[in-house]
Amino acid sequence: MSYLELSGLQKRYRDSVAVDDVSLSVEKGEAVALLGPSGCGKTTTLRMLAGLVDPDRGAIRLDGAEVTKLPAHKRNMGYVFQSYALFPHLSVARNVGFGLEERGVAKAEIARRVAEALAMVRLSGLDRRRPRELSGGQQQRVALARSLVIRPSVLLLDESLSNLDAKLRDTMRHEIRSIQRSLGITTLFVTHDQVEALTMCDRIAVMHRGGIAQIGSPEDIYERPATRFVAEFVGRANALPATHDAEGRVVLWGERLPVAAPASGEFDLFVRPQRIRILPISEAVAEGMVRVTGKVLRSVFVGDHVEVLVEGAAGQIQVELQSGTALPQEGAEVALVWQARDTLPFPRETA
Amino acid sequence: MSDARLKWLLLPAALFVLAIYAWPTLGLFRNAFNETGPTGAMVETWSLKTTAEVLEDNFTFDLTLNSLWLSLSATLLALAMSYPVALFLFRTNSRFRGLLAVVAIMPMLISGVVRVFGWLAILGDRGLVNSLAQSFGLISAPMKLVFNWTGVTIGLAESIMPYMILALLAGFGQLDRTLEEASRSLGATPMRTFLRVTLPLSLPALALAAGLGFVLSMSAYITPKLLGGGRVFVLATEIFEQATTNTNWPMASVLAIYTLVLLLLLLVTSNLAARGLKR
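Keep in mind it's a predicted model, so treat the numbers as computed, not measured.

Helices and strands together make up the secondary structure of chain B, namely 13 helices and two strands. Taking the principal axes of its C-alpha atoms as reference, chain B extends roughly 75 × 70 × 35 Å. Each of the 279 residues in chain B was classed as buried or not, and the buried ones make up 30%. In chain B, the share of contacts with a sequence separation of at least 24, taken over all contacts with a separation of at least 6, comes to 69%.

To continue, consider the overall build of chain A. If you tally the helices and strands in chain A, you get eight helices and 20 strands. Across its three principal axes, chain A shows a C-alpha extent of roughly 75 × 45 × 35 Å. When burial is assessed residue by residue, chain A has 39% of its 351 residues classed as buried.

The next subject is the interface of chain A and chain B. Each partner contributes to the interface: chain A provides 18 residues, whereas chain B provides 15 residues. Mapped by element, the contributors of at least two residues to the side of chain A that touches chain B are β6 (77-80) and α2 (92-102) of chain A. It is α2(A) that contributes the most residues to the side of chain A that touches chain B, three residues altogether. For the side of chain A that touches chain B, the class distribution of residues is 11 nonpolar, four polar and three charged.

This next bit is on the sheet that holds strand β12 (residues 250-252) of chain A. Residues and elements named next belong to chain A. Across the sheet, five strands lie side by side as β13-β12-β11-β14-β20; this open sheet has antiparallel pairing. Each edge of the open sheet is held by one strand with a lone partner, namely β13 (255-257) and β20 (344-347). The sheet shows a mean angle of 45 degrees between the axes of neighbouring strands, taken without regard to direction.

Moving on, we come to the environment of V85(B). When you line up the elements, V85(B) lands in helix α4 (residues 58-91). Sequence-distant contacts of V85(B), defined by excluding residues within four places in its chain, comprise A104(B) and I165(B).

Residues and elements named next belong to chain A. Taken domain by domain, chain A holds domain 1 (4-232) and domain 2 (237-347). The C-alpha-based centres of domain 1 and domain 2 are spaced at 39 Å. Facing four residues of domain 1, the contacting portion of domain 2 comprises four residues. The residue makeup of the side of domain 1 that touches domain 2, split by class, is two nonpolar, no polar and two charged.

Moving on to the nonpolar core. Ranked by size, the top nonpolar core spans 103 residues in total, and within it A33(A), A145(A), L156(A), F189(A), A205(A) and V206(A) carry the most contacts. Lining this core are residues from two domains, each supplying at least three of them: domain 1 (4-232) and domain 2 (237-347) of chain A. Once residues within four sequence positions are removed from consideration, A33(A) is found in contact with F189(A), T191(A), A197(A), M200(A), C201(A), I204(A) and A205(A). V116(B), L123(B), V146(B) and L227(B) belong to the second-largest nonpolar core, a separate cluster that totals 45 residues.

What follows covers the confidence of the model for chain A. Per-residue pLDDT for chain A averages 88, and the proportion of residues at 70 or more is 99%. The secondary-structure element of chain A with the lowest mean pLDDT is β13(A), recorded at 79, while α2(A) shows the highest, at 96.

All names here are of chain B. Axis separation between helix α9 (residues 177-185) and helix α10 (residues 190-219) bottoms out at 10 Å; the angle between their running directions is 140 degrees. Judged by the angle between their axes, α9 and α10 are oblique. Relative to α10, the crossing made by α9 is right-handed. Across the interface between the two elements, L179, E180, S183 and R184 from α9 touch T193, R196, V197 and T198 from α10. Classifying every residue of the contact of α9 with α10 gives two nonpolar, three polar and three charged.

Residues and elements named next belong to chain A. Within the open sheet, the four strands sit side by side as β2-β1-β4-β5. Their pairing is antiparallel. In this open sheet, the two strands that pair with only one neighbour each are β2 (16-26) and β5 (65-66). Where strand β4 (residues 57-62) lies against β5, two bridges are found, and the strand directions are antiparallel. Each residue of the ladder has a partner; that of R61, found in β5, is E66.

Here we come to α10(B). L203(B) marks where α10(B) bends most, by close to 50 degrees; the proline P204(B) follows one to four residues later. Among the residues of α10(B), T193(B), R196(B), V197(B), S202(B), A205(B), A209(B), A210(B), G213(B), F214(B), S217(B) and M218(B) are the ones counted as buried.

The rules behind each value
Residues numbered from 1 in each chain as written. Chains lettered and ligands numbered in written order. Predicted model: local features only at pLDDT ≥ 70, side-chain atom pairs only at ≥ 80, totals over all residues. Helix = DSSP H or I, 4+ residues; strand = E, 2+ residues; numbered from the N terminus. Buried ≥ 20, exposed ≤ 12 C-beta atoms within 10 Å, placed from the backbone. Contact = placed C-beta atoms within 7 Å. Nonpolar A, V, L, I, M, F, W, Y, C, P; charged D, E, K, R; others polar. Pairing = 2+ DSSP bridges. Axes fitted to C-alpha atoms, helices over the stretch in contact; angles between N-to-C directions. Domains from an automatic or database assignment. Core = buried A, V, L, I, M, F, W, Y, C linked by C-beta atoms within 7 Å. pLDDT = per-residue confidence, 0-100. Parallel < 35°, antiparallel > 145°, perpendicular 65-115°, else oblique. Left-handed = near helix turned anticlockwise from the far one by under 90°. Bend = angle between axes of the 7 residues up to and from the residue.

Below, the structure written as structure tokens:
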């Protein structure tokens, strides 16, 4: 049995189901992201874990013991809130020491552990400040230290980086990940940001409409999305309407593709923009490659990459090239080439 | 509209206040310097004789203590009841929240006199409380709940509660539910969370409500007069006595100004104290 087990969790609100039959096993020391758009039930799931929301159905087991009905203050879970939720009337040191004081830890021990925790998040020397005197990034670190200092069974992070600016978010991402690894602390991370999920976690659970759409390693999720939703939500992808010819082979923009696809029904081919190469129309391609032709509609330089939009017989394809490569001329006829295995067919969504 | 023209919007209210408040207040100050002759008629003069009379009278001192004590106890009693109600209204997700808020401030919609008679029916010798207590055999003779300080304190507390609830709700701004959740996730029981997070963060709201309740209690007249049954003497009742029964306008004016100064002093001290607390 895993260290943390959620089984069949369900939560309904007055007129909607927030979380529907969520089951998840997390190993000790593992970092798992709950990734999904807003309203997918990821935060509700996290709050049920912390004991801040009572599930209507299902069970939570921690280290073999059932904690489903245990009140929040007895769960020993470190929760880092999106808004940080630092106590405005207490100093940084008192904020961090709050959980230890509640546990009746001796004063000297509290001082030692608070100093240690503040050093870990690189905030030594700010212990007498009030939260409002700190920057967003510093508040975030205090919140993290406050949750870690109690040595929680599980660390729960709720969109913890979303209030920071892009650059700081990047730094904090790496910092949190390295702290998490060095402490070996089991972590659940709620986010709508795929980069956060992909870079900070061992496994990702993609959530959609209250349920888990797919669980897997970041690579699994990105390379082998199980559903159309996952393919669309994680990373960018071209969704290309394709058809069958008389022999049942897949046809895109008038070209037969060496791609397996559902035998019947309407479907789209999903291809990541950065998996596509642009070649001169005359160049031959190897067996097992997909090749379609079109006209360059426009190229946009975005700094670290170039976005090229190519129009073909039946629609457009977005291509992402590394910058430094030659910018394709607008209006040029080009061939778009990618590996057959980078093509993922999904049935068309019937709305 | 430009600011210059915008200010004309204030004109009606300004004229009204000038007519019914500023002008009579000036009259009040003028009267305070008059004297009352041996016949009881007012003598127009400029002297401090009436002021001296009021300040040298031990009865003024008693009245002051009575007023302060009554206001303090009514405010504390009302605060103890208003705070949980306000906290509930602030926090509830109930669909009846709006309705409950209206119920909470409903007493404001009823005339003070009517409310006092309501309390007489409840607290009187043969009132609801006494007859219930007696029929359960809890007491043999009726408790004296009205026409004394007890009755006035209860009635006054009830009459200031709606204002205090509104003041508390207005002051709860900083009270973020996430902070309580953070406290609980850190291992604090609901009780400890209340003591360490909720209560400290609602201190500004409590101070605001207490201040308002105190001022309202100090100036309340109907409740001490009617529920006191002529046995409860405070500054407000004495001002009314002097102005109407005794038609001693100079005396009434001096007492009114005395009360005003007292309240201003309290206001300034409490502000200074609050500022000291914040540091």
